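Residue-level structural notes
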Amino acid sequence: MVHEVTGRSPLSPATVAVTAGRPPRVQGGPVNPPVVLSSTYVSQGTPGPDELLYTRSGTETWQPFEEALAALEGGAHGVVLGSGMAAIAATLGEVPDGGAVVVPRHAYQVSLGYLDDLAARHGVEVRRVDVADTDQVVAALDGASLLLAESPTNPMLEVADLPAILAAARERGVRTVVDNTFATPLGQRPLELGADVVVHSVTKYLAGHSDVVLGAVVTDDPQIAADVRAYRTLHGAIAGPMEVFLALRGLRTLHLRVERAGANAAELARRLAEHPAVAEVRHPSLPGDPGHERASRQMNGFGAIVGLRPHGGVAAADALVAGVRLWVPATSLGGVESTLERRRRFPTESVTVPEDLVRMSVGVEDVEDLWDDLAQALDAVRP
Ligand SMILES: *Cc1c(COP(=O)(O)O)cnc(C)c1O
């Protein structure tokens, strides 16, 4: 169904992003996979194992995206789902009642909320750790069923020693899931660092244009992939064909967007660190950042999310968000446009996230325009 350039791809990720998941090359055939909008397929008698029957259980529109993302992550199986949360819920589906899950205390707030729900309804023990503290993570792994890691974390940008904690989990028979939304497969390949499963909010960088909500799971383990597909069908956690088409279109330029956004973020972080209105900047590119050395070892680039705390506390943070003209005050991240928000405006955000932390998702605009806008807003809030 999908055109093979090579087997297990030795092509560079940029080339994979452009070429993976294309239809077979036939005279007069389309260059892009067609979007099939049909909820049902012609069928009678006993269905074959891979026969398309009904779109909740499968459509040919999922496969090209799944193949392309799996190729980028260096994994054997990709599964696209209706949102990042569906992908996370699917991978947590294996945690037994009364089991324990290790998770960064700073992680995507809805992932933490889902774990709280598992705790309340299924007696799951949630062990929240400082994921940058390797000893603390390793100690928490004893007797655990699953580690759900983020690195860099949302929204604090802590960097975990992924090879170390993933190896420690493997030794203890703890399944590992890495949420790779912030780094993208171009920035970090968790399966190669020792993870069993990678999850994505495709909504963010992979689709990249703030116009779809989608999620995905990538793994080398055929049983995990089958379980996630079964979860998708049973829970109806499916992706719409148009959304998957848009995500694949976005993926074609992932390397360009990630490179530009990452360069913009590093430059802005450097300038912000010197601005008198700024109390603290977090970005792993900064030589003094606590995550800098680890990120340099295990990542390619440093991502494009920047954490900023202005002098003047919550009032200054709110004034900064209100004072920008080009940057968009909005939640979410990973789009071509630069956005920012004060995270603790959400009552559900972890209480250990500082009240005045502004999370900035740096986009692909001209860096001087981004800087001018930020600088005018910061000058206005200077206490
Ligand atoms: C947004 C996000 C999610 C959730 O993804 P949805 O597509 O919104 O369901 C999960 N993890 C991280 C790190 C995110 O940023």
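Being a predicted model, the structure only gives us computed values, none of them experimental. (Residues numbered from 1 in each chain as written. Predicted model: local features only at pLDDT ≥ 70, side-chain atom pairs only at ≥ 80, totals over all residues. Heavy atoms only, no water.)

Helix and strand counts for the protein come out as 13 helices and 12 strands. A compact globule built from 383 residues would reach a C-alpha radius of gyration of about 21 Å, and the protein, at 21 Å, matches this within 12%. For the protein, the spread of C-alpha atoms along the principal axes amounts to about 75 × 55 × 35 Å. Scored against the burial criterion, the 383 residues of the protein give a buried share of 53%. For the protein, the exposed area adds up to about 15900 Å²; of that, 53% sits on carbon and sulfur atoms. Averaging the positions of the 32 positive and the 47 negative side-chain charges in the protein gives two centres separated by 1 Å. (Helix = DSSP H or I, 4+ residues; strand = E, 2+ residues; numbered from the N terminus. Rg over C-alpha atoms; globule rule 2.2 N^0.38 Å. Buried < 20%, exposed > 50% of the residue type's maximum accessible area, 1.4 Å probe, protein only. Areas by Shrake-Rupley, 256 points an atom, 1.4 Å probe, with all protein chains shown as cover. Lys, Arg positive; Asp, Glu negative; His and termini not counted. Charge placed at Lys NZ, Arg CZ, Asp CG, Glu CD.)

Our focus in this paragraph is the site of the ligand. Residues in close proximity to the ligand total 14 residues, the closest being Met85, Asp179, Ser201, Thr203 and Lys204. Contact between the ligand and Met85: an oxygen atom at 2.8 Å from a main-chain N or O atom of the residue. Here an oxygen atom of the ligand sits 2.8 Å away from a polar atom, N or O, in the side chain of Ser201. Among the elements that line the shell around the ligand, the one with the most residues is helix 3 (residues 84-92), at 3 residues. A per-class count over the shell around the ligand returns 6 nonpolar, 6 polar and 2 charged. (Near = heavy atom within 4 Å. Polar contact = N/O pair within 3.5 Å; in protein donor to acceptor, adjacent residues only side chain to side chain. Nonpolar A, V, L, I, M, F, W, Y, C, P; charged D, E, K, R; others polar.)

For the rest of this paragraph, the subject is the sheet that holds strand 9 (residues 305-310). With respect to topology, 5 strands assemble into an open sheet ordered 8-9-12-11-10, the strand pairing being mixed. Of all strands in the sheet, those bounded by a partner on one side alone are strand 8 (278-282) and strand 10 (328-329). Sheet topology places strand 10 next to strand 11 (residues 339-342); 2 bridges connect them, and they run parallel. Its bridge partner lying in strand 11, Pro329 is registered against Leu340. (Pairing = 2+ DSSP bridges.)

Moving on to unusual backbone geometry. Here the residue pair Ser151 and Pro152 is connected by a cis peptide bond, since its omega of -10 degrees sits within 30 degrees of zero. The amide bond that connects Asn154 to the next residue, Pro155, takes the cis arrangement and shows omega of 0 degrees. Along the polypeptide, Pro155 turns up in the loop between strand 4 (146-150) and helix 6 (162-171). For Leu157, which is not glycine, the phi dihedral falls at a positive 65 degrees. Mapping Leu157 onto the fold places it in the loop between strand 4 and helix 6. Here Thr184, not a glycine, exhibits a phi torsion of approximately 65 degrees, which is positive. Following the sequence through the fold, Thr184 ends up in helix 7 (residues 184-187). The exposure class of Thr184 is buried, given its relative accessible area of 2%.

This part covers the side chain of Thr91. One can find Thr91 in helix 3. Thr91 sits in the buried class, given a relative accessible area of 5%. In this structure Thr91 touches Leu146, Val177, Val197, Val199 and Val217, once residues within four positions along its chain are discounted. (Contact = heavy atoms within 4.5 Å.)

This paragraph deals with the sheet that holds strand 2 (residues 100-104). A sheet is described by the order of its strands in space; here 7 strands give the open sequence 1-7-6-5-4-2-3, paired in mixed fashion. Two strands in the sheet have a free side with no partner beyond their single neighbour: strand 1 (77-81) and strand 3 (125-129). Neighbour-to-neighbour, the strand axes of this sheet turn through a mean angle of 20 degrees, independent of strand direction. In the sheet, strand 6 (residues 197-201) pairs with strand 7 (residues 215-219) via 5 bridges, with the strands oriented antiparallel. Its bridge partner being in strand 7, Val197 is matched across the sheet by Thr219. (Axes fitted to C-alpha atoms, helices over the stretch in contact; angles between N-to-C directions.)

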